[in-house]
Amino acid sequence: MGRRIGILGGTFDPIHTGHLIIGQEVLRRLGLERMFFMPSAEPPHKRYPEMASVEARAEMVGLAVVDNPAFELSRIELERPGTSYTVETLRRLRRRLGAGVDLYLVLGADNAVEMPTWCDPEGVLGLAQVTVVDRPEFDRRQIAPHLARHMTFLETPLLEISSTDIRARVKAGQPIRHLVPEQVARFIETHGLYR
Ligand code: ATP
Ligand code: MG
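Residues numbered from 1 in each chain as written. Chains lettered and ligands numbered in written order. Predicted model: local features only at pLDDT ≥ 70, side-chain atom pairs only at ≥ 80, totals over all residues. Heavy atoms only, no water.

Peer 1: So, the overall build of the protein: which residues are in play, and what are the values?
Peer 2: When helices and strands are tallied, the protein shows eight helices and six strands. For the protein, the α and β elements follow one another from N to C terminus as β-α-β-α-β-α-β-α-α-β-α-β-α-α. In terms of overall dimensions, the protein is globule-like: its C-alpha atoms have a radius of gyration of 16 Å, near the 16 Å expected for 195 residues. Its C-alpha atoms put the protein at 45 × 35 × 30 Å along the principal axes. With 195 residues in all, the protein has 49% of them scored as buried. Accessible surface for the protein amounts to roughly 9900 Å². Of this, 51% is attributable to carbon and sulfur atoms. Separation between the mean location of the 25 positive side-chain charges and that of the 25 negative ones in the protein comes to 2 Å. (Helix = DSSP H or I, 4+ residues; strand = E, 2+ residues; numbered from the N terminus. Rg over C-alpha atoms; globule rule 2.2 N^0.38 Å. Buried < 20%, exposed > 50% of the residue type's maximum accessible area, 1.4 Å probe, protein only. Areas by Shrake-Rupley, 256 points an atom, 1.4 Å probe, with all protein chains shown as cover. Lys, Arg positive; Asp, Glu negative; His and termini not counted. Charge placed at Lys NZ, Arg CZ, Asp CG, Glu CD.)

Okay, here's the thing in structure tokens:
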């Protein structure tokens, strides 16, 4: 058995407590050595005016993971401009980490439902063990069966936390304390994000 490395990709606009709890839970349940939090450079499926810059999103991830020695910010998708396809990122990660590494790609159920729209979903499933965690309002039965057959499903606590909600709260002047790590809340405040 190789080294087991988890990857949690996302827009992280901003990273929130839900991401961290899921990351820790998967790490423990699968006995992983590390969890990479991997911000996306250019999310192919969303755009909105108040979106934070790539650098701000990555910096917030860095601030959020600093206390956990098993967590790490991965800048692999930020090294190249433009859209990174997950399948391509996984190939690059594999080359970089060398043989004897087992990759576990963590997806929330909402993300897993979208997988048929990805570039080469079968390729992704061949490069990493895709591990799906539940998310409120997303039914895992909505996941394409031909892909779901090759995924692992973990029952994890249902966390009603989303970056969309956090951005809306900031915009409305409502508190986000405890929904994001304190350092992240301070960063959002200092940089005037999501106003
Ligand atoms: P947004 O509302 O902007 O889409 P988000 O909260 O969904 O933000 P993302 O950066 O899009 O955060 O998510 C990264 C990954 O984490 C995705 O696979 C997503 O499904 C998963 N995820 C995010 N929040 C949760 C949650 N509360 N429970 C389970 N999975 C989650
Ligand atoms: Mg999302």
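Next comes the rest of the description.
Peer 1: Quick rundown of the environment of leucine 147? Include the residues and the values.
Peer 2: Among the structural elements, leucine 147 can be located in helix H6 (residues 145–148). With relative accessibility at 1%, the residue leucine 147 sits in the buried group. Separated by 129 residues in the primary sequence, leucine 147 and glycine 18 place their C-alpha atoms 25 Å from one another. For leucine 147, the residues in contact, after removing those within four places along its chain, are Met115, Pro116, Pro121, Glu122 and Leu125. (Contact = heavy atoms within 4.5 Å.)

Peer 1: Could you give an account of the sheet that holds strand E3 (residues 71–73), with specific residues and numbers?
Peer 2: Judged by pairing direction, the sheet is parallel, and its six strands sit side by side in the order E3-E2-E1-E4-E5-E6 without closing on themselves. The open sheet has two edge strands, E3 and strand E6 (152–154), and neither has a second partner. Averaged over all adjacent pairs, the angle separating strand axes in this sheet is 30 degrees, with direction ignored. Here strand E1 (residues 3–10) pairs with strand E2 (residues 34–39) via six bridges, running parallel. When the sheet's bridge partners are listed, isoleucine 5 is paired in E2 with arginine 34. The strands touched by helix H1 (residues 17–30) are E1, E2, E3, strand E4 (101–108), strand E5 (129–133) and E6; relative to E2, the strand with the most contacts, the crossing angle is about 145 degrees. Lying on the sheet, helix H2 (residues 54–65) is in contact with E2 and E3; it crosses E3 at an angle near 160 degrees. (Pairing = 2+ DSSP bridges. Axes fitted to C-alpha atoms, helices over the stretch in contact; angles between N-to-C directions.)

Peer 1: Outline the environment of isoleucine 15, listing residues and values.
Peer 2: Residue position: isoleucine 15 is located in the loop between E1 and H1. With 165 residues separating them along the chain, isoleucine 15 and valine 180 place their C-alpha atoms 6.9 Å apart. Ignoring sequence-local partners within four residues, the contact set of isoleucine 15 consists of Leu20, Phe37, Met60, Val61, Ala64, Val180, Pro181 and Val184.

Peer 1: Can you tell me about the nonpolar core, naming the residues and giving the values?
Peer 2: Core analysis: the biggest nonpolar cluster contains 34 residues, and Ile15, Val26, Met35, Phe37, Met60 and Ile188 have the highest contact counts within it. When contributions to this core are tallied by element, the ones reaching two or more residues are H1, E2, H2, E4, helix H7 (163–171) and helix H8 (182–191). (Core = buried A, V, L, I, M, F, W, Y, C linked by side-chain atoms within 4.5 Å.)

Peer 1: If you had to explain helix H3 (residues 86–97) to someone new, which residues and values would you point to?
Peer 2: If you check H3, its first and last C-alpha atoms are 16 Å apart, about what twelve residues at 1.5 Å a residue would give, namely 16 Å. Residues Val87, Thr89, Leu90, Arg92 and Leu93 constitute the buried set of H3. The inward-facing, buried residues of H3 abut E1, E2, E4 and helix H5 (121–127). With its phi angle positive at about 85 degrees, glycine 98 sits one or two positions after the end of H3. (Expected span 1.5 Å × (residues − 1).)

Peer 1: Any details on the packing of aromatic side chains? Residues and values, ideally.
Peer 2: Here the structure, examined in full by the defined rule, presents two aromatic pairs. Residues phenylalanine 12 and phenylalanine 37 carry aromatic rings whose centres are separated by 6.3 Å and whose planes lie at 50 degrees to one another, so their mutual orientation is tilted. Taken together, the residues span a long stretch of sequence, with phenylalanine 12 in the loop between E1 and H1 and phenylalanine 37 in strand E2 at a distance of 25 residues. Taken together, the aromatic side chains of Phe12, Phe37 and Phe71 make up a single cluster linked through ring pairs. Looking at arginine 167, its charged tip hangs above the ring of tyrosine 48, at a distance of 4.1 Å from the centre. (Phe/Tyr/Trp six-rings, centres within 6.5 Å; stacked < 30°, edge-to-face > 60°. Lys NZ or Arg CZ within 6 Å of the ring centre and 35° of its normal.)

Peer 1: Outline the pattern of salt bridges, listing residues and values.
Peer 2: Enumeration according to the criterion identifies 14 salt bridges in this entry. Arginine 29 is the salt-bridge partner of glutamate 25, the closest N and O atoms lying 3.3 Å from each other. A residue pair is termed a helical-turn pair when its members lie 3 or 4 positions apart in one helix, as glutamate 25 and arginine 29 do in helix H1 at four residues. Using a relative accessible area of 36% as the deciding quantity, one classes arginine 29 as partly exposed. Across the pair aspartate 139 and arginine 141 runs a salt bridge whose closest N-O atoms are separated by 2.8 Å. Judged by its relative accessible area of 28%, aspartate 139 falls in the partly exposed class. The exposure class of arginine 141 is exposed, given its relative accessible area of 73%. Salt bridges here are not isolated pairs; linked through shared partners, they connect Glu25, Arg28 and Arg29. (Salt bridge = Lys/Arg side-chain N within 4 Å of Asp/Glu carboxyl O.)

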